[in-house]
Number of protein chains: 2
Amino acid sequence: MMRKTNEGCRKLTLGQTARFLKNHNNYVILTHASPDGDTLGSAYALYYALNEIGKVAEVICPDVIPKKYDYFARKTDHIENENPTIIAVDVADSRLLGALEEEFGGKVDLCIDHHISNTKYAKNLYLDDDAAACAECIFELIGKMRVNLNDITAKAIYTGLATDTGCFKYSTVTKKTLLICAALYDYNINAAEINRLMFDTKSKKLIELESMVLNSAEFHFDDRCMVLTVTDEMQYKTGCSGTDLEGIAVISRSVEGVIAGVTLKQTGDDEFKVSLRTYSPLDASEICKTLGGGGHKGAAGASVKGDLATVKAKVLDAVKRNLDAI
Amino acid sequence: MMRKTNEGCRKLTLGQTARFLKNHNNYVILTHASPDGDTLGSAYALYYALNEIGKVAEVICPDVIPKKYDYFARKTDHIENENPTIIAVDVADSRLLGALEEEFGGKVDLCIDHHISNTKYAKNLYLDDDAAACAECIFELIGKMRVNLNDITAKAIYTGLATDTGCFKYSTVTKKTLLICAALYDYNINAAEINRLMFDTKSKKLIELESMVLNSAEFHFDDRCMVLTVTDEMQYKTGCSGTDLEGIAVISRSVEGVIAGVTLKQTGDDEFKVSLRTYSPLDASEICKTLGGGGHKGAAGASVKGDLATVKAKVLDAVKRNLDAI
């Protein structure tokens, strides 16, 4: 299978995208794999809006949709049409379609996205890289199409906005994000309940894992570096894996004075995934490059072979050299 | 000293409050004890606004202002005037003035507040109990006075809004809250950095305490009840006390399926403070009443004598009786 490259990807304006959606009739709406609140909120808000104007649509997610999204992510119709129009929302790269890439990767008619890194794999692309969430684009599209919002559509959009911004905490939030959010409050969205589900509810096994991980905490170099460890044994004992572990790296950088937060996650008998979170002037991607990895200035990673002691020593050595240089 | 009661407390409209502020000249602005982002943000925003129109003002806080508020809470002038006008912001009861109650408790000329429980201790009261934060009232007052905002005033107001709403997470947030927040984005407030300081920065000792407390976690009654324990020893070992412990009770109710989150905090050799957080249909105040305490439906407390095992058994018994009844 060939991945669609960026030649021939047509960039659409908001108005053109709204017309595109009005001019077709049968839609398959795809989310990215390991779905989050933004890809799901965007897909379902678009689904409900298209329904509202009599279009037939189906949402397809490459993975099982977590139960916590049940309040808006209902089962959609199955499209019988053999040539539906394929839309991908919040999917920056066709590879992120996961299990659906093979079937749909080269056939996406319209991608609606907010990632500056979008690989232009779709035939048509509406991209607003100033949007804090893809759901912001969907809200504007629905407005442009002059389709009315309703409670469930507003809930889906709110979920996208809130989850992609850490509840309006991050630097991606703009005045427009907040004005859209204010407009959603005209509907019965019960934002506090959504936020409780999205931000303040952990599984029992995750609490158990966090307890073990915090027990493993080590501080180095005058408490400027914190190291957390997630061993195979911890994952096995608690039953946590994959997306359960996503929040751990965030803890590593949440301590006052720490500018290098290291998480060592065992991925094999003799291998660890290193996640590094840094604050200026430390550059996480520089440090991880010396470990054979890469990433961004504030968050980077690498895969390092060795037992825990060896890997930890390697990482601490790399961090120390960069700390000494500042 | 007599505490001022509610007879003779005059309720002001927004316009009357704006005129009051324009008609006086020397102000002492008081915050409540154990200051938080809302009382400080409100006090300083009002201070900067009064400065802007040539008034002399001083902010006085009953306790030391935590360093993390340095970005707006600068040292203010000392008022030499012998009869300044006394304003209290976000102070629902004169007792909350703490160390300043004796000096100022009966002399507050104007209280600006958003707590429905305000005891009307001040001579004049501007109360908007629909406001999610006192800073919301201050924003509207500044607008009514036709005083321009600037970056630091906007930062102070943003801090009040964000901290009193868990970063726009709670049910107290309204459309108006979000529109005010959007207006603040016209200034250089660097909201993401404020939020990092307010929400994502913990002290090393708190991380250590949380680790110990999570280790103590027990689940009962088909995992519908979680019990966390904070012993004297944990507090002594980590150096955590008082406000450090505020976040612990929140953890007790953050686990999926838990509808009764119990925190047992040792307050003496043979005494524990019980904090109970519940979800409907459990009623925390009902349960705590049977333990000699009280509170609200979702959060209540009691002080119970006995060693850990005895107190825990008493609390679990009370919880069980209420769980059995639902």
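Parameters at a glance
Residues numbered from 1 in each chain as written. Chains lettered and ligands numbered in written order. Predicted model: local features only at pLDDT ≥ 70, side-chain atom pairs only at ≥ 80, totals over all residues. Heavy atoms only, no water. Salt bridge = Lys/Arg side-chain N within 4 Å of Asp/Glu carboxyl O. Helix = DSSP H or I, 4+ residues; strand = E, 2+ residues; numbered from the N terminus. Buried < 20%, exposed > 50% of the residue type's maximum accessible area, 1.4 Å probe, protein only. 1 Å grid on protein atoms, 1.4 Å probe; cavity = no way out; pocket = protein on both sides within 12 Å on 5 of 7 lines; lining within 4 Å. Points joined across faces, edges and corners; volume = space filled by probe spheres on them. Expected span 1.5 Å × (residues − 1). Pairing = 2+ DSSP bridges. Domains from an automatic or database assignment. Polar contact = N/O pair within 3.5 Å; in protein donor to acceptor, adjacent residues only side chain to side chain. Contact = heavy atoms within 4.5 Å.

Participant: Hey, could you run me through the pattern of salt bridges in this one?
Facilitator: If the charged atoms of two oppositely charged side chains come close together, the side chains can form a pair. Residues and elements named next belong to chain A. Considering all chains together, one arrives at 34 salt bridges over all chains under this definition. Put simply, Lys205 and Asp244 hold a salt bridge, and the shortest N to O gap is 3.6 Å. Here Asp244 lies in the loop between α9 (232-238) and α10 (248-252) and Lys205 lies in helix α8 (residues 204-215), a separation of 39 residues in the sequence. The exposure class assigned to Lys205 is partly exposed, which follows from its relative accessible area of 32%.

Participant: Please clarify how the layout of surface pockets should be interpreted in this entry.
Facilitator: Summary: where empty space remains is shown by rolling a probe the size of a single water molecule over the atoms. Residue and element names in this part refer to chain A. In this structure, the second largest pocket encloses a volume near 230 Å³. Lining the second largest pocket we find 14 residues, and of these Glu82, Pro84, Ile86, Phe104 and Lys107 sit closest to its centre. Counting residues per element, the ones that place at least two in the lining of the second largest pocket are β3 (56-60) and α3 (101-104).

Participant: Looking at this model, I keep getting lost on helix α5 (residues 151-164) of chain B. Mind explaining?
Facilitator: Along an α-helix, residues three or four positions apart point the same way, because every turn accommodates 3.6 residues. Residue and element names in this part refer to chain B. The end-to-end C-alpha distance of α5 is 20 Å, a good match for the 20 Å that 14 residues give at a rise of 1.5 Å each. For α5, a buried count of 10 out of 14 residues is recorded, marking the element as mostly surrounded by other parts of the structure. Of the residues making up α5, those classed as buried are Ile152, Thr153, Ala154, Ala156, Ile157, Tyr158, Thr159, Gly160, Leu161 and Ala162. At the exit of α5 stands Gly166, carrying a positive phi of roughly 55°.

Participant: I tried to follow the pairing of strand β5 (residues 110-113) of chain A on my own but got confused; where do I start?
Facilitator: Side-chain direction in a regular strand flips from residue to residue, so the side chains alternate between the two faces of the sheet. Residue and element names in this part refer to chain A. Alternating residues of β5 divide into Leu110 and Ile112 and Cys111 and Asp113, and every residue in both groups is buried. Examined bridge by bridge, strand β4 (residues 85-89) and β5 share 3 bridges and lie parallel to one another. When the bridges of β5 are listed, Ala88 appears paired with Cys111. Note: β5 against strand β6 (residues 124-127), 4 bridges, orientation parallel. Bridge assignment links Asp113 to a residue of β6, and that residue is Leu127.

Participant: Quick question: what am I supposed to make of the domain arrangement of chain A here?
Facilitator: Often, the extent of an interface is quoted as the loss of accessible area upon association of its parts. Split into domains, chain A comes out as domain 1 (10-199) and domain 2 (204-324). Taking only C-alpha atoms into account, the centre of domain 1 of chain A sits 33 Å from that of domain 2 of chain A.

Participant: I would appreciate a short explanation of the side chain of Asn195 of chain A in the present structure.
Facilitator: Position of Asn195 of chain A relative to the elements: it lies in helix α7 (residues 191-199). Of the polar contacts made by the side chain of Asn195 of chain A, one reaches the backbone oxygen of Lys169 of chain B; its length is 3.1 Å. Excluding residues within four positions of it along the chain, Asn195 of chain A makes contact with Tyr158, Ala162, Cys167 and Asp200 of chain A together with Phe168 and Lys169 of chain B.

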